[in-house]
Amino acid sequence: MEKPRFKVIIIGGSIAGLTLAHCLELANVDFIVLEKHHDLLATIGGSVGLMPNGYRILDQLGIYHQLQGVACPIRLSALGAHSTAIDRNSDGVSVFTDSRTRFNGDLVVGADGVHSVTRSQMWHVANSVDAGLVTEKEMHVLRAEYVCLFGISRPVDGINPGDQIISCYDNKSILVFPSKDASIGWALIKKLDRGYILPDSALLSNAEVQTMGQAAADLTIYRDVRFRDLWIRTPRYSTTLLQEGLLDTWHYGRIVCVGDSVSKMTPNIAQGANTAIEGAAALANIVRKISRMPEISEDHMNNLLQGYAQNQRKRLRVLHAISRSATRTHTRRNWMTKFIGRYVYPYTPNAASRTFGKIIVEAPFLDYVPLQALCRDGWETPSESPGITQITIICVVLIIIVAYAVSFSLRARSSGI
């Protein structure tokens, strides 16, 4: 009797979910994607910035050069299927939707974003079997301190394809990234008056969105370009809270999560989508190994999935720290971030680029698909990457020491010491 094909149920047609689907297609692993929205390609006015760790994998998938063209066809089923429950059974795992449709498979992958239903179901299953495994603290890790107004503007004189602009102001910043056709993706990031811990959230009214955009109208983007020049040329825009957080529990039993459902960053270093893509590739490598087992051992499967989670968390801790620092520096959160933005970053550009470059180089990719020339030639291995010079480190340390000394002096003077 022929062994049934290993089947993966992907919940969420997100960047992570669709990347994983393409990866599994090349691995000859059966899958189905469940997406609650009826129109998967509906735009909400946003854009995605690709970094080397993301486009290397898209190049392996053969779709990097098609990004400006028509979307690749993919086996996608059940649009409008809102997953509501996950049940472990003797044959594997089942997913139920709000229409009472049942989908059976061997593994469920939650790629359903920061408000993940899969993550909540995984927590419920884990704590029902092993009480307290997922703590209340972990359930409230995702916290939003910033809100983002974003859109895509028609071309503006003075901003050209290839430019990347970050304008920094007290408690707000503006990210600008033009595309090849000169349309301009932008994001206005503003610090909130208070933090929101998921599931607590806040929706801006249309009047509040208009106020936020108009209040930034006079802010300089670059030379003579002001934010109003983008604002009046943007036909459609959206807002979202920018949750931040890295969860500890990515996997339990036959449920595993990927992308924003377990790792959420602000867009300041453009790593949210890119780490979701690399996470999908890393998970696909593991799923391919599991699917090729003559007999699937639960313990072996758990060990492999746990290894995926541990390896990705280890990588992402550093990126999360960099993202948090960049967000608060760009919004000039306090005197220290203002000082670093004004006096440290401009004079140590190589230190930041080398550190970030080393992290990018170590990113996972598909281990069963050859690297194409675009992403094979010119990449350095971590051992080949040049390190940060001692002089750079000494300069940064001295600058920080001076900054603390000045701060202490000012506090002492204000206290009359």
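Owing to the predicted nature of the structure, the values given are computational and were not obtained by experimental measurement. (Residues numbered from 1 in each chain as written. Predicted model: local features only at pLDDT ≥ 70, side-chain atom pairs only at ≥ 80, totals over all residues. Heavy atoms only, no water.)

A. A look at the sheet that holds strand 15 (residues 255–257). Read from one edge of the open sheet, five strands run 2-1-6-15-14, paired in mixed fashion. Both edges of this open sheet fall to strand 2 (30–34) and strand 14 (251–252), since each of them pairs with a single strand only. In this sheet, strand 2 lies alongside strand 1 (residues 7–11) in parallel orientation, the contact comprising five bridges. Bridge pairing links I10 to V33 in strand 2. Taken strand by strand, helix 3 (residues 117–129) contacts strand 1, strand 6 (107–110), strand 14 and strand 15, and its axis lies near 135° from that of strand 15. (Pairing = 2+ DSSP bridges. Helix = DSSP H or I, 4+ residues; strand = E, 2+ residues; numbered from the N terminus. Contact = heavy atoms within 4.5 Å. Axes fitted to C-alpha atoms, helices over the stretch in contact; angles between N-to-C directions.)

B. Structural context of a nonpolar patch on the surface. Taken together, the side chains of I15, V48 and L50 define a hydrophobic patch exposed on the protein surface, amounting to about 220 Å² of accessible area. Residue position: L50 is located in the loop between strand 2 and helix 2 (52–60). (Patch = residues over 30% accessible without salt bridge, like charges linked within 9 Å, V, L, I, M, F, W, Y side chains within 5 Å. Areas by Shrake-Rupley, 256 points an atom, 1.4 Å probe, with all protein chains shown as cover. Salt bridge = Lys/Arg side-chain N within 4 Å of Asp/Glu carboxyl O.)

C. Summary view of the nonpolar core. Counting 70 residues, the largest nonpolar core has V8, I10, L24 and Y308 as its most contacted members. Ignoring any residue separated from it by four or fewer positions in sequence, one finds I10 in contact with G17, L20, A21, L24, F31, I32, V33, L34, V109 and A111. V156, L192, I221 and F227 belong to the second-largest nonpolar core, a separate cluster that totals 23 residues. (Core = buried A, V, L, I, M, F, W, Y, C linked by side-chain atoms within 4.5 Å. Buried < 20%, exposed > 50% of the residue type's maximum accessible area, 1.4 Å probe, protein only.)

D. Expanded view of unusual backbone geometry. Of note, the bond from L198 into P199 is cis; its omega dihedral lies within 30 degrees of zero at 10°. Note that P199 resides in the loop between strand 10 (184–197) and helix 5 (206–215). Within the chain, N28 stands out as a residue other than glycine whose phi angle is a positive 60°. Position of N28 among the secondary structure elements: in the loop between helix 1 (15–26) and strand 2. For N28, a relative accessible area of 59% gives the class exposed.

E. Representation of the sheet that holds strand 4 (residues 92–97). One open sheet holds the three strands; their spatial order is 3-4-5, and the pairing between them is antiparallel. Edge positions in the sheet fall to strand 3 (83–89) and strand 5 (102–105), since each of these pairs with one other strand and no more. Going across the sheet, the axis of each strand differs from the next one's by a mean of 20°, ignoring polarity. Note that strand 4 and strand 5 share four bridges and pair antiparallel. Along strand 5, the bridge assignment pairs V95 with F103.

F. Structural context of the environment of T101. For T101, the location among the structural elements is in the loop between strand 4 and strand 5. Between the C-alpha atoms of T101 and S83, which are 18 residues apart in sequence, the distance is 9.2 Å. If sequence neighbours within four positions are ignored, T101 has contacts with V95 and F96. Of note is the side chain of T101, whose polar atom sits 3.0 Å from the side chain of S99. (Polar contact = N/O pair within 3.5 Å; in protein donor to acceptor, adjacent residues only side chain to side chain.)

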